[in-house]
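Geometric and topological summary
Here's the letter readout for the chains.
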Amino acid sequence: MRRIAMAVAASTLTFPLAACGALGGSGSSSKASPTKGNDLTVGLLLPETANTRYDRFDAPALKNKVAELTRKQGKVEYANAGASASRQMSQMQKMIDDKVDVIVLDAVDAHGIAGQVKKAKGAGIPVIAYDRLAEGPIDAYISFDNDLVGEVQGRSLLEAMGSQASSSAKVVMMNGSPTDPNAKQFKAGAVAQLNGKVTIAKSYDVKDWKAEIAQADMAKAIESIGKSDVAGVYAANDGMAGGVIAALKDAGVTKLPPVTGQDAELAGVQRIVSGEQYMSVYKSYPTEAENAAEMAVAKVQGKDIQFDSLTRDRVDSPTTRNIPSQMVSVVALTRSNIKETVIADGIYKASDICTAKYSADCAAIGLK
Ligand code: GAL
């Protein structure tokens, strides 16, 4: 994927209006009716429930923002695919049949959904790819800077390994789902950091990001490498980090090697507090979801200047060039910045994290 402009987490419309005209739109953007008022319907398709972010943060933040932008007249029709690509196809079909005004799509299978994107386009419904770059004629894309996520994970792993990082140190990579284009970017970003500094002894692409598959793969890796020779594990998200850590413990590893993660899931943050997991990547889901809501409403209401100011980057997908995009920035989350990130942003309260089991560890890092 080619990224033309590196981006900022721009959520506000502070971009000078005079400059906006120069940006233009993408040649492929469908023209929404400028007469549509606040009584609009946004179709929201999210990929899974195993990862807590979608139901817990993305969906409610997007719904609230749509309500705020439309004086409570706009509706959100939400469907979660539960990691099933075929279910998502029918959910999208239903939204096309229901004639929603715009679809915000986080694809289970970014390639497989292209036909539905084309159908929506044919029916005059703009599609905004959310978080994962769906193929087909999408109108816009919003995501985090996924290359940066992988880089941050790779760099953090090396940092945690410290003087243990050497060309003979064996690292295991537990990458995300092969149908998720983000997973490829995370992996590439991490490999670029790790190459030449450690040996990537085993690498797995884990179907549907399933923690139990990651756990089974990790057990295989430990058997082949030897339980005392795993020097570090790149786990692409927190769910899989949980599986990896369980496999290490099952194998009788007492001093756990550093393990990475992503998503700042509550269980992940708790493992970071207790020292079982080294880091996660904190992505501000409310920022992504609220900006997607703004993009969707602006698109439907024909507010082109606002839409352009929200999508100042350009990316290419395998099928479509110059997609107007927004890339939101990310932060490495470790024991040292829990307060400044997930707590400051209201994602969790200290009391959510510091349950009885973690209270001593919380106290040690000044969290209460
Ligand atoms: C990715 C997404 C991550 C996470 C992952 C599944 O596409 O960017 O935030 O949700 O899927 O855990």
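Computed from a predicted structure; not experimentally measured.

This paragraph deals with the sheet that holds strand β5 (residues 140-144). Sheet architecture is open: seven strands sit in the order β2-β1-β3-β4-β5-β11-β10, paired in mixed fashion. The strands lining the two open edges of the sheet, one partner per strand, are β2 (75-80) and β10 (313-315). On average, each strand axis in the sheet is tilted by 25° relative to the strand beside it, whichever way the strands run. Pairing geometry for strand β3 (residues 102-105) and strand β4 (residues 127-130), over three bridges, is parallel. In the sheet register, Ile103 faces β4, and the bridge partner there is Val127. Contacting β1 (41-46), β2, β3 and β4, helix α3 (residues 85-97) crosses the sheet at an angle of about 175° to β1.

Right, let's get into unusual backbone geometry. If you check the backbone angles, Asp131 has positive phi at about 70° while not being a glycine. Accessibility expressed as a relative area gives 2% for Asp131, which makes it buried. A positive phi angle is found at Trp209, which is not glycine, with a value near 60°. Mapped onto the secondary structure, Trp209 falls in the loop between β7 (199-205) and α7 (211-225).

Further remarks concern the sheet that holds strand β8 (residues 230-235). Sheet architecture is open: three strands sit in the order β7-β6-β8, paired in parallel fashion. In the strand order of this sheet, the two ends are held by β7 and β8, each with one partner. Going across the sheet, the axis of each strand differs from the next one's by a mean of 15°, ignoring polarity. As defined by bridge partners, strand β6 (residues 170-175) adjoins β8 across five bridges and the pair is classed as parallel. Among the inter-strand pairings, Met174 is bridged to a residue of β8, identified as Ala235. Its contacts with the sheet place helix α8 (residues 238-250) against β6 and β8, and it is angled at close to 155° to β8.

Rules used throughout
Residues numbered from 1 in each chain as written. Predicted model: local features only at pLDDT ≥ 70, side-chain atom pairs only at ≥ 80, totals over all residues. Heavy atoms only, no water. Pairing = 2+ DSSP bridges. Helix = DSSP H or I, 4+ residues; strand = E, 2+ residues; numbered from the N terminus. Axes fitted to C-alpha atoms, helices over the stretch in contact; angles between N-to-C directions. Contact = heavy atoms within 4.5 Å. Buried < 20%, exposed > 50% of the residue type's maximum accessible area, 1.4 Å probe, protein only.

Everything listed here is a matter of geometry and, on its own, says nothing about what the molecule does.
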